[in-house]
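Topology and contacts: notes
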Amino acid sequence: MKCRICQHAISAFMTFGPMPIANCFLTQDEFGSEFFFELKPAFCERCYTFQIENQPDPELMFHDQYAFFSRTSVFMQRHFRAYADWVADNHLRGDDLFVVEIGSNDGIMLEHFANRGIRHLGVEPSANVAEEARKFGVESIVRFFGPETAAYIVSEYGQADSLLAANVMCHIPDLNSIAKGADLLLKPAGVLIFEDPYLGSMLEKTSYDQIYDEHVFIFSALSVVNIFAAHGFELIDLLPQETHGGSMRYVLARKGVRDISSSVSGIINDEKAAGLHLPETYRQFKRDCEASKARLVGLLTDEKDAGRRVVGYGATSKSTTILNYCGIGADLIEYISDTTPIKQHKFSPGMHIPVKPYEAFAGDYPDTALLLAWNHQLEIMAKEKAFSSQGGKWISPIPDSKSKT
Ligand code: SAH
Ligand code: TYD
């Protein structure tokens, strides 16, 4: 295949096997027609972009039955309030301010600009979540972002001071069209700010579950520099985030227009020291994924052999990769508990484990909970003290340590 960014010839360094759409929770009568593709990550030695080889069509993933609602985590609600405040305090100056967000979902971030009286617009192709945003005073257009959408926004609303995104830039295969759209949309001194799961964290934790259909890229600073340089943008700031198991916030502006923070060279040096630019790092990652799979399957098999009931906690998109790659089905996990109504009473993609409302877990504790929403560990541990204190055991599919044992 060719690198999606620089067209260099690249090839996948491993396969996770056949994968379904990560957020496509289904009913029993849909099992026969479920869509699968082969999930294979690749790394470009020229522009340093980590990517997957095949990505299903966007319309298969983002539509009016999209299952991910951002507000399901209280921690994320706080995070997006802080993100909005930080943007307003550091990057918005002057009158008639206008902020656009790509992938604004249920309005979890734009709500805070609306509350400050700042003009805003969400660009959100999944109609059901965009509709939810309206309840919070957030205006959205149901479209994919790109040059045409940018031109439409400029003609209807004018140019923007800030183009924001969270956990969506890594979903979009044609980033050149995003950069072109940003160039059309932003005022001369405008900024493009986005955050996504960070490649450095994924490699460190072997959190291979960040790799699924929606995540066509996992970014590093090294790759983001190259992706946007071709369009006249430069990286002016980098801010590591704790969200989604380790993320990075990237701030870009047109070349020469803004001062560059020292964190940019600092983090790029750290990435080189960690070998993020070297193919051997990805060969090691493959070995780490295989070890992680053997560990998890071993732990769950031990639970089963001991006659203990195991329940999954959080029907995350990420868990689709874990469950399908490791071949974990309803023989090892009785059901998955999740608070999102649209996922409940359906079955998990690919492995078809039943998804039940949270009340099923709270009303009849299992012996062991598999923490599929491991990125919300602090929030969930605080909430589940009663389960833990009566002897409930937790297994994390992604143990947060470098030992990987
Ligand atoms: N920003 C939110 C939602 C992330 S999920 C958060 O961090 O919680 C990604 C969202 O981006 C989904 O709601 C999806 O419908 C939307 N999306 C996917 N591709 C898009 C595109 N090309 N343009 C705009 N939004 C997109
Ligand atoms: P999340 O990890 O945010 O994202 P992704 O789908 O991108 O991997 O998904 C969290 C899921 O876990 C979501 O379906 C809601 C569910 N959840 C619970 O069931 N209980 C909780 O306490 C929390 C925080 C999340």
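Conventions and cut-offs
Each chain carries its own residue numbering, running from 1 in the written order of its sequence. Both sets of labels track the order of writing: A upward for chains, 1 upward for ligands. Where local features are concerned, this predicted model is filtered to residues with pLDDT of at least 70; where side-chain atom pairs are given and counted, the filter is 80 or more; whole-chain, interface and lining totals use all residues. As a rule here, side-chain values cover all heavy atoms of the structure and leave hydrogens and water aside. A helix here means a DSSP run of H or I that spans at least four residues, while a strand means a run of E at least two residues long, and both kinds are numbered starting from the N terminus. Put simply, the radius of gyration uses C-alpha atoms, and a globule should come to 2.2 Å times the residue count raised to 0.38. Only protein chains enter the accessibility calculation, which uses a 1.4 Å probe. A residue is then buried if its area is under 20% of the maximum for its type, exposed if over 50%, and partly exposed in between. A contact between two residues is defined here by any heavy atoms of the two lying within 4.5 Å. The positive count covers Lys and Arg only, the negative count covers Asp and Glu only, and His and the chain ends enter neither. The atoms used to mark charge sites are NZ of Lys, CZ of Arg, CG of Asp and CD of Glu. Consider each residue's heavy atoms; a residue with any of them within 4 Å of a molecule or strand counts as near. Counting of polar contacts relies on pairs of N or O atoms within 3.5 Å, with two restrictions inside protein: one atom must be capable of donating a hydrogen and the other of accepting it, and residues adjacent in sequence are counted only when both atoms are side-chain atoms. We call Asp, Glu, Lys and Arg charged. Ala, Val, Leu, Ile, Met, Phe, Trp, Tyr, Cys and Pro are nonpolar, and the rest, Gly among them, are polar. As used throughout, domain bounds are those supplied by an automatic or database domain assignment. Note on pairing: two strands pair once DSSP finds at least 2 bridges between them. A fitted line through C-alpha atoms represents every axis, and for helices the fit uses only the stretch in contact; the resulting angles, taken between N-to-C directions, go from 0 to 180 degrees. Buried area: the accessible surface (1.4 Å probe) lost by two parts on joining, summed over both. Should a side-chain nitrogen of Lys or Arg be within 4 Å of a carboxyl oxygen of Asp or Glu, the pair is scored as a salt bridge.

1. Let's talk about the overall build of the protein chain
Summing up its helical and strand segments, the protein chain has 14 helices and 17 strands in all. For 405 residues, the compact-globule formula gives about 22 Å, and the C-alpha radius of gyration of the protein chain, at 21 Å, lands near that figure. C-alpha atoms of the protein chain, sized along the principal axes, occupy 65 × 50 × 40 Å. Each of the 405 residues in the protein chain was classed as buried or not, and the buried ones make up 58%. Of all intrachain contacts in the protein chain linking residues separated by at least 6 positions in sequence, the fraction that spans at least 24 positions is 70%. The positive charge centre, built from 38 side chains, and the negative charge centre, built from 52, are 3 Å apart in the protein chain.

2. A look at the site of ligand 2
Near ligand 2 lie 20 residues; those nearest to it are Ser317, Lys318, Asp338, Lys343 and Lys383. Here Tyr212 contributes a side-chain N or O atom positioned 3.4 Å from an oxygen atom of ligand 2. A distance of 3.1 Å is found between an oxygen atom of ligand 2 and a backbone nitrogen or oxygen belonging to Thr339. Take the shell around ligand 2: its biggest share by element is three residues, from helix α13 (residues 377-383). Here the residues of the shell around ligand 2 are counted per class, giving six nonpolar, nine polar and five charged. Residue contributions to the shell around ligand 2 reach at least three from each of two domains, namely domain 1 (1-306) and domain 2 (307-395).

3. Focus on the sheet that holds strand β10 (residues 217-218)
The pairing of strands in a sheet happens through backbone hydrogen bonds and is either parallel or antiparallel. With respect to topology, three strands assemble into an open sheet ordered β3-β4-β10, the strand pairing being antiparallel. Edge positions in the sheet fall to β3 (41-43) and β10, since each of these pairs with one other strand and no more. Here three bridges tie β3 to strand β4 (residues 50-52), and the two strands are oriented antiparallel to one another. Its bridge partner lying in β4, Pro41 is registered against Ile52.

4. Concerning the environment of Ile333
As for its position among the elements, Ile333 is in the loop between α11 (318-326) and β14 (336-338). Spatially, the C-alpha atom of Ile333 lies 8.9 Å from that of Lys304, the residues being 29 residues apart in sequence. Beyond its immediate sequence surroundings of up to four residues, Ile333 is in contact with Val310, Val311, Gly312, Leu323, Ile328, Ile353 and Leu370.

5. A look at the site of ligand 1
What surrounds ligand 1 is a group of 20 residues, the closest being Ser70, Glu124, Ser126, Ala166 and Asn167. Measuring from an oxygen atom of ligand 1, one finds a side-chain N or O atom of Ser70 at 2.7 Å. Contact distances for ligand 1 include 2.5 Å between an oxygen atom and a side-chain N or O atom of Glu124. Across the shell around ligand 1, the residue classes tally to 12 nonpolar, six polar and two charged.

6. Focus: the sheet that holds strand β16 (residues 368-371)
Strand order across the open sheet formed by five strands is β15-β14-β13-β16-β17, with parallel pairing between neighbours. Single-partner strands in this sheet number two, and they are β15 (355-357) and β17 (393-395). If you compare each strand with its neighbour and ignore which way they point, the axes differ by 35 degrees on average. As judged from the three bridges shared by β16 and β17, these two strands associate in the parallel manner. By the bridge assignment, Ala369 is partnered in β17 with Trp394. Contacts from helix α10 (residues 279-305) reach β13 (310-313), β16 and β17 within the one sheet, and its direction differs from that of β17 by about 150 degrees.

7. Looking at helix α8 (residues 221-229)
Every buried residue of α8 is accounted for by Ala221, Leu222, Ser223, Val224, Ile227 and Phe228. Among the structural elements, α6 (175-185), β9 (186-197), β11 (233-241), β12 (247-254) and α9 (262-273) are those in contact with the buried residues of α8.

8. Quick notes on the domain arrangement of the protein chain
One can read the domain layout of the protein chain as domain 1 (1-306) and domain 2 (307-395). For domain 1 versus domain 2, the distance between C-alpha centres works out to 25 Å. On the side of domain 2, 34 residues touch domain 1, which itself brings 49 residues to the contact. Summing the contributions of domain 1 and of domain 2, the shared interface buries around 3,600 Å²; its carbon and sulfur component is 66%. Its largest share of buried area at the contact with domain 2, domain 1 owes to Phe25, Leu300 and Glu303, together 21% of the area lost on that side. The salt bridge involving Glu303 is made with Arg308; its shortest N-O contact spans 2.8 Å. Sorting the residues of the side of domain 1 that touches domain 2 by element identifies β1 (18-20), α2 (74-91) and α10 as the ones contributing at least two each. Residues belonging to the side of domain 1 that touches domain 2 are distributed by class as follows: 28 nonpolar, 13 polar and eight charged.

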